[in-house]
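One letter stands for each residue in the lines below.
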Amino acid sequence: MSSTLTDTPTSSTTHDHALKPETSNLGFMRPDHSKSVLIDWLTTVDHKKIGIMYGAIALFFLLIGGIEALIIRAQLAVPENDLVSAQRYNQLFTMHGTTMIFLAIMPLNAAFFNFLVPLQIGARDVAFPRLNSFSLWTFVAGALVLNFSWLMQAFSELGWFTASGPTAGMDDFVPGMGWFGYAPLTERQFTGAGTDFWILGLQILGIASLGAAMNFVATILNMRAPGMKMMRLPVFTWMTLVVSLLIIFAFPAITIALGQLMFDRMFDTNFFQVAEGGQPILWQHLFWIFGHPEVYILVLPAMGIVSEVLPTFSKKPLFGYPIVVFSGAVIGFLGFAVWSHHMFTTGLGKVATAAFSLLTMAIAVPTGVKIFNWIGTLWGGRVRFDAPMIFSIGFIWMFMMGGFSGIMHSAAPADAQQQDSYFVIAHFHYVAIGGILLASISGIYFWLPKIVGKMWTGNLSTWVAIFTTVGLNVTFFPMHFLGLIGMPRRTHTYLSGFGWDGYNMVCSIGAFILAFGVLLFVIDIILCMTKGKPAGNDPWDARTLEWATTSPPQHYNFGRTPIIPARDALWEHKHGPENRNINFEADDGHGIHMPSQSWMPVLASFGFAPLGLGLCLMQVGIPYMGYVAIAGLFTIALGIILWAVEGPGGYHLHPEEDKI
Amino acid sequence: MSDDAHNNDDGHHSLMVNNKKLLMWLFLGSDCMFFGTMISTHLIYRKLYPESYDPTSLFSLELTSFSTFILLMSSFLMALAVSAMHKGDIKSFRRNTIGVIFFGLIFLGCQVYEFTEFVHAGLTLSSGTFGSTFYMLTGTHGVHVAIGVFWLICMYFYSFTGKMDAHQSAVDVEIAGLYWHFVDIVWIIIFTAIYLIEFI
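Nothing here was measured: the structure is a model prediction, and the numbers come from that model. (Residues numbered from 1 in each chain as written. Chains lettered and ligands numbered in written order. Predicted model: local features only at pLDDT ≥ 70, side-chain atom pairs only at ≥ 80, totals over all residues.)

## So, the overall build of chain B
We apply this condition: Numbering of helices and strands starts at the N terminus; helices are DSSP runs of H or I of at least 4 residues and strands are runs of E of at least 2. Buried, partly exposed and exposed are defined by the number of other C-beta atoms within 10 Å of a residue's own C-beta, namely 20 or more, between the two limits, and 12 or fewer respectively, with C-beta atoms placed from the backbone. With C-beta atoms placed from the backbone, a contact is any residue pair whose C-beta atoms sit within 7 Å.
Of the regular secondary structure elements, chain B holds six helices and zero strands. What you see in chain B, going N to C, is helices and strands ordered as α-α-α-α-α-α. The proportion of buried residues among the 200 residues of chain B is 39%. Contacts spanning at least 24 positions in sequence make up 82% of the contacts within chain B whose residues lie at least 6 apart.

## Topic: the overall build of chain A
Rules: Note that the radius of gyration is over C-alpha atoms, with the globule rule given as 2.2 Å times the number of residues to the power 0.38.
For chain A, the count of helices and strands is 18 helices and seven strands. In terms of C-alpha radius of gyration, chain A reaches 25 Å, essentially the compact-globule figure of 26 Å for 660 residues. Here the C-alpha coordinates of chain A stretch approximately 70 × 65 × 50 Å along the principal axes. Here chain A holds 660 residues, and the buried ones make up 57% of them.

## Observations regarding the nonpolar core
Heads up, the rule is: Joined through C-beta atoms within 7 Å, a set of buried Ala, Val, Leu, Ile, Met, Phe, Trp, Tyr and Cys residues constitutes a nonpolar core.
In this structure, A:V145 and A:V217 are the most contacted members of the largest nonpolar core, which totals 240 residues. When neighbours within four sequence positions are excluded, A:V145 is seen to be in contact with A:F197, A:L200, A:G201, A:I204, A:A609, A:G612, A:L613 and A:C616.

## Describing the interface of chain B and chain A
Stated precisely, the cut-off is as follows: In this classification, Asp, Glu, Lys and Arg are treated as charged, Ala, Val, Leu, Ile, Met, Phe, Trp, Tyr, Cys and Pro as nonpolar, and every other residue, Gly included, as polar.
Contacts between the two partners involve 35 residues from chain B and, on the opposite side, 40 residues from chain A. Of all the secondary-structure elements, those providing two or more residues to the side of chain B that touches chain A are α1 (4–8), α2 (19–48) and α5 (128–158) of chain B. Here the side of chain B that touches chain A gets 13 residues from one element, more than from any other, and that element is α2(B). Looking at the side of chain B that touches chain A, its residues break down into 14 nonpolar, 17 polar and four charged.

## A look at helix α3 (residues 61–87) of chain B
All names here are of chain B. Applied cut-off: By definition here, a helix of n residues has an expected span of 1.5 Å times n minus one.
Relative to the 39 Å expected for 27 residues at 1.5 Å per residue, α3 spans 39 Å between its end C-alpha atoms, a close match to the ideal helical length. Listing the buried residues of α3 in full gives T64, S67, T68, L71, S74, S75, L77, M78, A81, V82, A84 and M85. Looking at the buried positions of α3, the neighbouring elements they touch are α4 (90–120) and α6 (166–195). Taken from the residues just after α3, G88 is the one with a positive phi, measuring 80 degrees.

## Quick notes on the domain arrangement of chain A
All names here are of chain A. The condition that has to hold: Domain limits in this description derive from either an automatic procedure or a database domain assignment.
Each domain of chain A was delimited in the assignment, giving domain 1 (1–216 + 544–660), domain 2 (235–381) and domain 3 (384–489 + 496–535). Of note, the centres of domain 2 and domain 3, computed from C-alpha atoms alone, are 21 Å apart. With 19 residues of domain 2 in contact, the opposing surface of domain 3 contributes 25 residues. Going through the elements one at a time, α7 (280–314) and α9 (350–378) are the ones with two or more residues in the side of domain 2 that touches domain 3. Looking at the side of domain 2 that touches domain 3, its residues break down into 13 nonpolar, six polar and no charged.

## Considerations on the confidence of the model for chain A
This is how the line gets drawn: As a per-residue measure, pLDDT tells how confident the predictor is, with possible values from 0 to 100.
Of the residues in chain A, 96% reach a pLDDT of 70 or more, and the chain-wide mean stands at 92. Overall, residues 1–18 of chain A carries pLDDT values under 50, and its contacts beyond four positions in sequence, including any with other chains, amount to 32 contacts.

## A closer look at the confidence of the model for chain B
Residues and elements named next belong to chain B. Per-chain confidence: chain B averages 91 in pLDDT, with 94% of residues scoring 70 or above. Contacts from residues 1–11, a stretch scored under 50 in pLDDT, to residues over four places away or in other chains number 27 contacts. If you check the scores for this complex, the pTM reads 0.94 and the ipTM reads 0.92.

## Considering the environment of B:R95
The residue B:R95 is located in helix α4 in this model. On a C-alpha basis, the gap between B:R95 and B:L80 in space is 9.6 Å, while along the polypeptide they are 15 residues apart.

## Let's talk about the packing of α7(A) against helix α8 (residues 321–334) of chain A
Residues and elements named next belong to chain A. Where we set the bar: All axes here are fitted lines through C-alpha atoms, helices being fitted over the stretch that makes contact, and every angle between N-to-C directions spans 0 to 180 degrees. If an angle is under 35 degrees, it is roughly parallel; if it is over 145, roughly antiparallel; if it lies from 65 to 115, roughly perpendicular; otherwise it is oblique.
At a minimum axis separation of 11 Å, α7 and α8 run at an interaxial angle of 175 degrees. On the basis of the axis angle, α7 is roughly antiparallel to α8. Only V324, G328, I331 and G332 of α8 make contact with α7, whose side of the interface consists of Y296, L300, M303 and S307.

## Details of the environment of A:F272
Residue and element names in this part refer to chain A. Among the structural elements, F272 can be located in the loop between α6 (235–267) and α7. With 26 C-beta atoms packed within 10 Å, F272 lands in the buried category. For the pair F272 and P184, spaced 88 residues apart in sequence, the C-alpha separation works out to 6.1 Å. Ignoring sequence-local partners within four residues, the contact set of F272 consists of A183, P184, E187, L261, D264, G278, P280, L282 and W283.

Rendered as structure tokens:
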């Protein structure tokens, strides 16, 4: 074993006999070591490849959602604009919100979880590699169902298609009732097939998220390398654990709410039908019981990323690690107790309003603790201003801005003024862009050298930082004023003379500056992947275990299981006392047991597309779509049964000593 | 079911719990929230509209008590099946599993009969909020039972392949058992909060 873990030479790996595809219990050949790149990536169970696919798809949808936002801002740039119709405007903001939350940020977080968590805890892979593949492809199926609506809308606009059947006469095929889909607007009397695409799309995405979340809790709790105690876990892994638990306990509420809505629309139930006694307020409660934890599902991974970047570039341990972890857990816990602050204006009653107001303010405490701990980490450190650090510091400041306006919302009387105005838009975009996007960019710049093995070069990253931060502030800071002087959100246009014209123009210019920044970022990623220089294994002199592997990591991660002596294990190994070196478990002669790749999770996931699309298209009167949906259901069942029967398989690898 | 845990570990579990069992516990935690949401919906609407629908003449406590008893006994047989698999007694496992399947089917039959009766008596999915919440909740529970029955049928037939033994399969049967017991417990709550409560 070499004394340093880095810069080990790469050489070919020796394998034993089992390298040929082995047959599964079903008698099929397993798709291991396929020559075809397509088959290899489709059937992969490698958490790193799955993470990369999540990331690529997330960036794609970030651009789609961004384009939707730009059309919105172009429409609002001048008063009484008619670039898009009111209906199209509604569809754009609905799809912008839904896409950004479920198809951009959540999968981007999933990309980080997948790539990093097994490496950070010293594991071979996640606990359930095939379930991981199932989650990825089910997510793809959900994204497909949701965005298929645009295709239907295009057919409708071209005059090729008119809805008949249950939604006869309705020409809205893209969801247009807002990302939180308030009842009774979503009922059959008011909206067309767009709502069905939204329901089915989100339902499928929810299944994907639940599968992934359970997988990650099992992985983090059960697959840690020896010595990796809970309080030695990197903060990012801790936040993954908290987020996964939030998903497990928050998603059932939206699953049921969506199910009730689907029953209302398809089977004539009365959950939200006002005429029959249904209560639209129930939808709001169920939605926000999911929706508020969802906010933390989105932002806690960002906090995890920042908690990794700041110590690395300050050359100090994270200030107050236990309290940062504890604060993250408290934020997650309190996240379940504040949902009604989205509903202050619905007339909850004084006691409920006061209680939710207080609890919302209470969340500021652990958040503030984290911010002070991050500043404490910087304090007295040897700070290096590389790109990840620049974005992380940007995160602290911009996220804090979003937090400040959040605190203003927590006061119910103030919130009654700000409700449904542009002030709210300003608040959550400071959190979403200033917080989550900046932290994600920081994370990508930080880990890209590990993921692709190449270092980004030049100072394009500085320009990305300038354009995104300036664009973000120019776009969203004026919205605070716009909201306070009364501009309501979700209006497709406005009259001149309210004093909104100038602000709106500035916001729209800012949006294009921000978009240019994101475009530069994508270009920088592509440049890094094509022209980057080899990064080396540990370019940042970093602290956590993923940097102890090669760049990019071998598909088996660690040649031998590391034994973890301390928190910030790699840092201690490099710079700490002798007794804190990372040791490795002795070779037991069996080599590394690798899981086999499999078609079955892909098959099961694929079934969700016909199931979802069939049910949606049934609603617009296309014949035989019920059979398509049933075929989808059978495909899912078949995939799961074959998955169970085929057996996990697997083969052994014997990496050469110097590659460990 | 599948055997991913063995895929991937080095015989080492940080929590000393099998991965698959941990996953099932997490799923059951999620399922608690799932049923909790539906039961709350039912109880909220029941409280909002106390006079809207009186199901006491419709509900047959004798029938539902019988099916509840059957489901409880199926849980007992499930426990015996798990115990048999731990001992590697495959014959006893089969005997008890077929009992669970049989009892599960009786329960489902009672539910189908009950639903048919109710629909004939005029309670449908569209009957106010009571019909909606009642059918959705009990129907979702029925689907859970049906999935459990299907799962056990698969296991029953799988046991004839000779691939099941105490060492490898005890944990798989145990997980199916966890699921079955959970579905049983949920039914006891439903029986209390949806049926019995109407007769107070």
